[in-house]
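Each chain is listed here by its residues.
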Amino acid sequence: MTTRKIGISAVIMASVLVLLGGKAYAEDPAPLPEVPAEYADKKMPAGWLTDPKVLAEGALIYTGEVNPQVNCASCHGKDGKPVKKGARDFRDKAQMGRMSDAFWFWRVSEGVPKTKMKAWKSQLSEEQIWQVIAYERQFSK
């Protein structure tokens, strides 16, 4: 095989990989893990997604002002844009819309295995978890 044929073959293979990669990316995302039974019935309290007092409290929790050990913004960014690799982007409407209240509550409470996302249930009350979730959801609205 000549050098030119090898070069052309390499360009064609690279093009195919790029096209396939784009197609794979356009496919539906992987399904989310099933929420454990103990969290399956959790629901955001009525009206909290638009309650200014709840959102203000959620912002204080999110930025670590309530408890410096719980500072969501240190990974997820002050505006929901991640500042650390692997942190979820709270501005991504498609991804955030896939997550039920129960899913969010479970992940904030128990953390995410094999990631840097810690369990916060020992640091935050149930009310505080809902407040910070309400605040976080605002980034994708």
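Residues numbered from 1 in each chain as written. Predicted model: local features only at pLDDT ≥ 70, side-chain atom pairs only at ≥ 80, totals over all residues. Heavy atoms only, no water.

Description of the nonpolar core
Now for step 1: By size, the foremost hydrophobic cluster in this structure holds 30 residues, and its most contacted members are Tyr62 and Ile133.
Now for step 2: Sorting the residues of this core by element identifies helix 2 (52-62), helix 5 (101-110) and helix 6 (126-137) as the ones contributing at least two each.
Now for step 3: Beyond its immediate sequence surroundings of up to four residues, Tyr62 is in contact with Asn71, Cys72, Ala73, His76, Gly77, Lys78, Gly80, Phe90, Val132, Tyr135, Glu136 and Phe139. (Core = buried A, V, L, I, M, F, W, Y, C linked by side-chain atoms within 4.5 Å. Buried < 20%, exposed > 50% of the residue type's maximum accessible area, 1.4 Å probe, protein only. Helix = DSSP H or I, 4+ residues; strand = E, 2+ residues; numbered from the N terminus. Contact = heavy atoms within 4.5 Å.)

With respect to the packing of aromatic side chains
Now for step 1: This model, assessed by the stated rule, comprises eight aromatic pairs.
Now for step 2: Pairing Phe105 with Trp130 gives two aromatic rings, centres 4.7 Å apart and planes at 35°, and the pair type is tilted. Remark: Trp130 occurs in helix 6 and Phe105 occurs in helix 5; sequence separation between them is 25 residues. Summarising the burial analysis for this pair, Phe105 and Trp130 share the class buried.
Now for step 3: Taken together, Tyr62, Phe90, Trp104, Tyr135 and Phe139 form an aromatic cluster joined through their ring pairs.
Now for step 4: Sitting above the plane of the Trp106 ring, Arg107 keeps its charged end 3.9 Å from the centroid. (Phe/Tyr/Trp six-rings, centres within 6.5 Å; stacked < 30°, edge-to-face > 60°. Lys NZ or Arg CZ within 6 Å of the ring centre and 35° of its normal.)

As for helix 6
Now for step 1: A rise of 1.5 Å per residue sets the reference length of helix 6, with its twelve residues, at 16 Å; its end C-alpha atoms lie 17 Å apart and thus fit the reference within 8%.
Now for step 2: The buried count for helix 6 comes to nine of twelve residues, which makes it a mostly enclosed element.
Now for step 3: The complete set of buried residues in helix 6 reads Ile129, Trp130, Gln131, Val132, Ile133, Ala134, Tyr135, Glu136 and Arg137.
Now for step 4: Those residues of helix 6 hidden inside the fold are in contact with helix 2, helix 4 (93-97) and helix 5. (Expected span 1.5 Å × (residues − 1).)

Quick notes on the side chain of Ser109
Now for step 1: Along the chain, Ser109 falls in helix 5.
Now for step 2: Using a relative accessible area of 1% as the deciding quantity, one classes Ser109 as buried.

Digging into the environment of Gly111
Now for step 1: Secondary-structure assignment places Gly111 in the loop between helix 5 and helix 6.
Now for step 2: C-alpha separation for the pair Gly111 and Lys121, spaced ten residues apart in sequence, amounts to 8.9 Å.
Now for step 3: Once residues lying within four places of it in the same chain are set aside, the contact partners of Gly111 are Trp106, Met117, Lys118 and Ala119.

Regarding helix 2
Now for step 1: Residues Val54, Leu55, Gly58, Ala59, Ile61 and Tyr62 constitute the buried set of helix 2. Along the axis of helix 2, the buried positions cluster into a sector of 160°, meaning they face one direction only. Exposed side chains of helix 2 directed beyond 90 degrees from the buried face belong to Pro52 and Lys53.
Now for step 2: In this fold, the buried residues of helix 2 make contact with helix 3 (73-76) and helix 6. (Arc of directions from axis to C-beta.)

Focus: the packing of helix 2 against helix 6
Axis angle and axis distance: for two packed helices, these are the angle between their axes and the distance between the axes, and together they describe the pair.
Now for step 1: It is at 7 Å that the axes of helix 2 and helix 6 come closest, and there the two elements cross at 95°. When the axis of helix 2 is compared with that of helix 6, the two are roughly perpendicular. Here Val54, Leu55, Glu57, Gly58, Ala59, Ile61 and Tyr62 of helix 2 lie close against helix 6, whose contacting residues are Gln128, Gln131, Val132, Ala134, Tyr135 and Glu136.
Now for step 2: When the residues that make up the contact of helix 2 with helix 6 are grouped by side-chain class, the tally is eight nonpolar, three polar and two charged. (Axes fitted to C-alpha atoms, helices over the stretch in contact; angles between N-to-C directions. Parallel < 35°, antiparallel > 145°, perpendicular 65-115°, else oblique. Nonpolar A, V, L, I, M, F, W, Y, C, P; charged D, E, K, R; others polar.)

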